[in-house]
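Coordinate inspection notes
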Amino acid sequence: MNCTKCKTKAVIKIPRHHAAFCKVSFTNFVHDQVTRAIKSEKMFGRGDRILVAVSGGKDSLALWDILLKLGYKADGFYVNLGIGGYSERSYSMVRKFAEAVAPLGPALHTHTVEQEEGAGIKELAHMVHRPTCSTCGTIKRYQFNRAAVERDYDVMATGHNLDDEAARLLGNVLHWQEDYLEKQGPTLPASVEGFAKKVRPLYRLSERELAAYCVLNKIEYIIDECPMAQGARTLLYKEVLNRLETESPGTKQYFYWGFLEKQRRKQSSSDAMSEKDQTLLRRCGTCGQPTTSEVCSYCKLMARARREVAG
Ligand code: Q46
Ligand code: ZN
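Structure report, in brief. (Residues numbered from 1 in each chain as written. Chains lettered and ligands numbered in written order. Predicted model: local features only at pLDDT ≥ 70, side-chain atom pairs only at ≥ 80, totals over all residues. Heavy atoms only, no water.)

Along the chain, the position of Thr8 falls in the segment before strand S1 (12–14). A residue is classified by how much of its surface remains accessible, and Thr8, at 40% relative accessible area, is partly exposed. Separated by 14 residues in the primary sequence, Thr8 and Cys22 have C-alpha atoms spaced 6.7 Å apart. In this view, Thr8 contacts Asn2, Cys3 and Cys22; residues no more than four positions away in its chain are not counted. (Helix = DSSP H or I, 4+ residues; strand = E, 2+ residues; numbered from the N terminus. Buried < 20%, exposed > 50% of the residue type's maximum accessible area, 1.4 Å probe, protein only. Contact = heavy atoms within 4.5 Å.)

Below, the structure is given as structure tokens:
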């Protein structure tokens, strides 16, 4: 098997593109896919400051690496959830990467849930009687947005890949979550003051391609999933989509990219979303961040946790 680009020995086959690549051509292919995503979805420009949410996993570390290699100004933001050995290992991967790139300028910001919210994520979820992942989602979304706004970043970037987006789309379609479908896209504009713009520059790359990118470019990452992820519905959707992809390469791409194409044709959806958001959003009475109710979900969660502690 030879590289489609330079005819030397290929190290990876990409069936959905009918291609095979050597290490150099594969790295160029990955960079090119991210450049196309950034440009076609109007994510950010050369002068923008980007805050990348890093978890220690392959996707987010690959994203940070790619953005830096493409010449963008990107810093990292890590939320330490306090999940025993998993958090320790993931943090050490993030720190290792951040230390290696620090001489070039990028900084790493860390938010530690045990310190800032007063308990690790599992304990906190138990206190507020909510599932761990939904508690975790509320805290991560809130703190990531807050960090981006308070530190004056132009945009927040996450490492969601094609598999994540296709699985999320499948879930939204299966349950006809129309509100979520409307908001699912690689770019979510900064609809109101206090809400940072959010982008997903890896939506054109699969999980397997990102793992290969890390291995070939010697980026160390945590292989284990978060222990709380087991049994999550998204994993089932991913399995189903993988089955379809094996039988018919390109399925995930047709599914998700096709959806984006339809969204684009329907309207300039981001403008419509921003208008809709602007009419719904107001300032949280407790912390001042934008929300659709009187008090934002983070402040409600923390108030409940404090009531539990007070007994
Ligand atoms: S980190 Fe948090 Fe995920 Fe772990 S606790 Fe659940 S939501 S599974 S992306
Ligand atoms: Zn609030």
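There's more to say after this.
To continue, consider the coordination of the zinc ion (ligand 2). Distances from the zinc ion (ligand 2) to its protein donors, Cys284 (SG), Cys287 (SG), Cys296 (SG) and Cys299 (SG), fall within 2.3 Å. One can describe the donor arrangement at the zinc ion (ligand 2) as tetrahedral, given that its four donor atoms subtend angles of 104 to 117 degrees at the metal. The motif formed by the donor residues of the zinc ion (ligand 2), counted along the single chain, is C-x2-C-x8-C-x2-C. Residue Cys287 is located in the loop between strand S9 (282–283) and strand S10 (290–291), and its partner Cys299 is located in helix H13 (residues 297–310); the two are separated by twelve residues in the primary sequence. With a relative accessible area of 31%, Cys287 lands in the partly exposed category. For Cys299, a relative accessible area of 9% translates into the label buried. (Donors = N, O, S within 2.8 Å, 3.2 Å for Na, K, Ca; no water. Tetrahedral: all angles 85-135°; square planar, octahedral: opposite > 155°, others 65-115°.)

Together, Leu236, Val240 and Leu244 give the surface a local cluster of nonpolar side chains, amounting to about 230 Å² of exposed area. Mapped onto the fold, Val240 is located in helix H10 (residues 233–247). (Patch = residues over 30% accessible without salt bridge, like charges linked within 9 Å, V, L, I, M, F, W, Y side chains within 5 Å. Areas by Shrake-Rupley, 256 points an atom, 1.4 Å probe, with all protein chains shown as cover. Salt bridge = Lys/Arg side-chain N within 4 Å of Asp/Glu carboxyl O.)

Located in the positive-phi region is Lys7, a residue other than glycine, with phi close to 70 degrees. The residue Lys7 is located in the segment before S1 in this model. We classify Lys7 as exposed; its relative accessible area is 56%.

Here we come to the site of ligand 1. Around ligand 1, the surrounding shell consists of Leu81, Cys133, Cys136, Lys140, Cys226, Met228 and Ala229. Its residues placed into classes, the shell around ligand 1 shows six nonpolar, no polar and one charged. (Near = heavy atom within 4 Å. Nonpolar A, V, L, I, M, F, W, Y, C, P; charged D, E, K, R; others polar.)

Turning our eyes to something else, we now look at the side chain of Gln253. Mapped onto the secondary structure, Gln253 falls in helix H11 (residues 251–266). Owing to a relative accessible area of 10%, Gln253 belongs among the buried residues under this scheme. The contacts of Gln253, once residues within four sequence positions are left out, are Arg16, His17, Leu162 and Gly258.

With that settled, consider the environment of Ser134. In this fold, Ser134 is placed in helix H6 (residues 132–150). With 32 residues separating them along the chain, Ser134 and Ala166 place their C-alpha atoms 20 Å apart.

Turning to the sheet that holds strand S8 (residues 197–199), a few remarks are in order. Note on sheets: strands pair through backbone hydrogen bonds, and any given pair is parallel or antiparallel. Read from one edge to the other, the open sheet built from six strands follows the order S5-S4-S3-S6-S8-S7, with strand pairing classed as mixed. Unpaired on one side and paired on the other, strand S5 (108–112) and strand S7 (187–188) mark the two borders of the sheet. Sheet strands touched by helix H2 (residues 58–69): strand S3 (49–53), strand S4 (73–80), S5 and strand S6 (155–157). Its angle to S3, the strand with the most contacts, is close to 160 degrees. Contacts between H6 and the sheet are confined to S3, S4, S5, S6 and S8, with S3 contributing the most and set at about 160 degrees to the helix. (Pairing = 2+ DSSP bridges. Axes fitted to C-alpha atoms, helices over the stretch in contact; angles between N-to-C directions.)

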